[in-house]
Amino acid sequence: MDEILNLETIPQCNVYMGIETLHPLVTVVDFSEVKPLQNVKKNLGLYAIFLKIGDCGDIKYGRQYYDYQEGTLVFLAPGQVVGKENERKFYRSEGKALFFHPDLLNGTPLGKHIQSYTFFSYQVHEALHISEEEKGIFIECLNKIELELKNTTDKHSNSIIVSNIELLLNYCMRFYDRQFITRKRVNPDILIRFENLLNEYFLYEKPKKFGLPSVKYCAEQLHFSPNYFGDLIKKETGKSPQEYIQLKIINIAKERISYMNKTISEVAYELGFQHPSYFTRFFKKSVGYTPKEYRSNFN
């Protein structure tokens, strides 16, 4: 098994690429000015955003490849491993990138909500495909950050840099929203597939064996990462996948409770609840009645 190259700091990252360190916690990279790089597996201790302009080599995340084509953005969070195993070919890249260390965000508003930018945990085929106009906006934001890095450091430097990073991330959120709308045409059946998946799950009594269906399970079955799946469903329905699943469970529960030939406990176990008391609390919180009260009122 090949060794993994650990790039945990900005200086380490810059040494690897053969460029000067202007700030210990953030760097902007123009790959046309970078020495040829080996396509090896790398463990990043940094946040990274890559813009591909030309042939930057393949990016492998986990065991699959990003759909990393011309004019795409890829987002990586600290702790993610990218690159190829058993391949040490050199390649010269075209494109730009922003790397920043988590410590840069300490004590800043961005540090408190960085996790809300869920695209940092998107996986494999879920790169962001941007238009020429969006590419121009992205590069303009990078140029502002780079200009600040080249200026003389003062007490305002870090806050200005972080503010520009946040502006860049907010633009990327807008770009992803646009992509979700575009994907309605590419994947118009996502809700149908989600609904069918849940119907089959309960039809074939999987809850008895596996328990309640999870968002992670549904995302994997539909070939999405949980975060991307969550954002996509939220955009389509206004509900999170968890809320959608819970609504499905309630609707099935109402149907089964209405029949007198099954006890409440039997219905609870059929739906994947380990304890009937939890099912009762769950049902009452959603419907306003306990299962027994609902059955009595129904009949």
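Residues numbered from 1 in each chain as written. Predicted model: local features only at pLDDT ≥ 70, side-chain atom pairs only at ≥ 80, totals over all residues. Heavy atoms only, no water.

Novice: Let's hear about the packing of helix 8 (residues 226–237) against helix 9 (residues 241–257): which residues, and what values?
Specialist: At their nearest, the axes of helix 8 and helix 9 sit 8 Å apart, and the two run at 65 degrees to each other. Between helix 8 and helix 9, the angle falls in the class roughly perpendicular. Contacts from F229, G230, I233, K234 and T237 in helix 8 reach P241, E243 and Y244 in helix 9. Residues belonging to the contact of helix 8 with helix 9 are distributed by class as follows: 4 nonpolar, 2 polar and 2 charged. (Axes fitted to C-alpha atoms, helices over the stretch in contact; angles between N-to-C directions. Helix = DSSP H or I, 4+ residues; strand = E, 2+ residues; numbered from the N terminus. Parallel < 35°, antiparallel > 145°, perpendicular 65-115°, else oblique. Contact = heavy atoms within 4.5 Å. Nonpolar A, V, L, I, M, F, W, Y, C, P; charged D, E, K, R; others polar.)

Novice: Describe the pairing of strand 2 (residues 26–30), listing the residues and the values that go with them.
Specialist: In terms of residue burial, strand 2 counts as a mostly covered element, since 4 of its 5 residues are buried. When strand 2 meets strand 11 (residues 95–100), the two strands line up antiparallel, connected through 5 bridges. Following the sheet pairing, T27 is matched in strand 11 by F99. (Buried < 20%, exposed > 50% of the residue type's maximum accessible area, 1.4 Å probe, protein only. Pairing = 2+ DSSP bridges.)

Novice: Explain the confidence of the model for the protein chain to me, using residue names and the numbers behind them.
Specialist: When the pLDDT values of the protein chain are averaged, the result is 84; 85% of them are 70 or greater. By mean pLDDT, strand 7 (residues 64–65) is the weakest element of the protein chain at 44, and strand 2 is the strongest at 95. (pLDDT = per-residue confidence, 0-100.)

Novice: I'd love a proper account of the pattern of salt bridges, names of residues and values included.
Specialist: Counted by the stated rule, this structure contains 8 salt bridges. Note that K248 is salt-bridged to E195, the shortest N-O span being 2.5 Å. Within this pair, whereas K248 is found in helix 9, its partner E195 is found in helix 5 (residues 190–203), the two being separated by 53 residues in sequence. Exposure remark for K248: the relative accessible area of 13% places this residue in the buried category. Overall, E195 belongs to the partly exposed group, its relative accessible area being 24%. Taken together, the shared-partner salt bridges in this structure form one network comprising R256, K262 and E270. (Salt bridge = Lys/Arg side-chain N within 4 Å of Asp/Glu carboxyl O.)

Novice: Requested: an account of the sheet that holds strand 8 (residues 72–76), with residues and values cited.
Specialist: Ordered by their spatial adjacency, 5 strands build an open sheet running 2-11-5-8-12, and the pairing between neighbours is antiparallel. Strands at the two margins of the open sheet, each flanked by one partner only, are strand 2 and strand 12 (128–129). Looking at chain direction, strand 5 (residues 47–52) and strand 11 are connected through 6 bridges and run antiparallel. When the sheet's bridge partners are listed, I49 is paired in strand 11 with L98. Along the sheet face, helix 3 (residues 132–150) touches strand 2, strand 5, strand 8, strand 11 and strand 12 and points at about 125 degrees away from the line of strand 2.

Novice: Describe the environment of A97, with residues and values.
Specialist: For A97, the location among the structural elements is in strand 11. Taking relative accessible area as the criterion, A97 reaches 0% and is therefore assigned buried. On a C-alpha basis, the gap between A97 and F50 in space is 4.4 Å, while along the polypeptide they are 47 residues apart. With residues near it in sequence (within four places) discarded, A97 still touches T27, V28, V29, F31, I49, F50 and L142.

Novice: Run through the packing of aromatic side chains, naming residues and quoting values.
Specialist: Ring pairs (aromatic) are described by centroid distance and by the angle formed between their planes. Counted according to the given criterion, the structure contains 23 aromatic pairs. Taking 5.6 Å as the distance between ring centres and 15 degrees as the angle between the ring planes, the aromatic pair formed by F119 and Y176 counts as stacked. Note that F119 is positioned in the loop between helix 2 (109–113) and strand 12 and Y176 in helix 4 (residues 157–186), a separation of 57 residues in sequence. Note on accessibility: F119 and Y176 belong to one class, buried. (Phe/Tyr/Trp six-rings, centres within 6.5 Å; stacked < 30°, edge-to-face > 60°.)

Novice: I'd like to hear about helix 10 (residues 264–271), residue by residue, with values.
Specialist: Because each turn of an α-helix spans 3.6 residues, side chains separated by three or four positions in sequence point in the same direction. Within helix 10, the full set of buried residues consists of I264, V267, A268, E270 and L271. Along the long axis of helix 10, the arc covered by the buried residues comes to 165 degrees, so they all point the same way. Trailing helix 10 by a residue or two, G272 shows a phi angle of about 105 degrees, which is positive. (Arc of directions from axis to C-beta.)

Novice: Requested: an account of unusual backbone geometry, with residues and values cited.
Specialist: We note that E205 has phi near 60 degrees; this positive angle belongs to a residue other than glycine. Mapping E205 onto the fold places it in the loop between helix 5 and helix 6 (206–210). Backbone geometry at H223 places phi at a positive 65 degrees, although glycine is not the residue there. The topology assignment puts H223 in the loop between helix 7 (215–221) and helix 8.

Novice: Break down the nonpolar core for me, with residues and values.
Specialist: By size, the foremost hydrophobic cluster in this structure holds 63 residues, and its most contacted members are L98, F120, I165, F229 and F279. When residues in this core are grouped by element, the largest group, 9 residues, is from helix 4. Excluding its chain neighbours within four sequence positions, the residues that come into contact with F229 are I190, F194, V215, C218, A219, L222, F224 and P241. Ranked by size, the runner-up nonpolar core spans 20 residues in total, among them V29, L44, V82 and A97. (Core = buried A, V, L, I, M, F, W, Y, C linked by side-chain atoms within 4.5 Å.)

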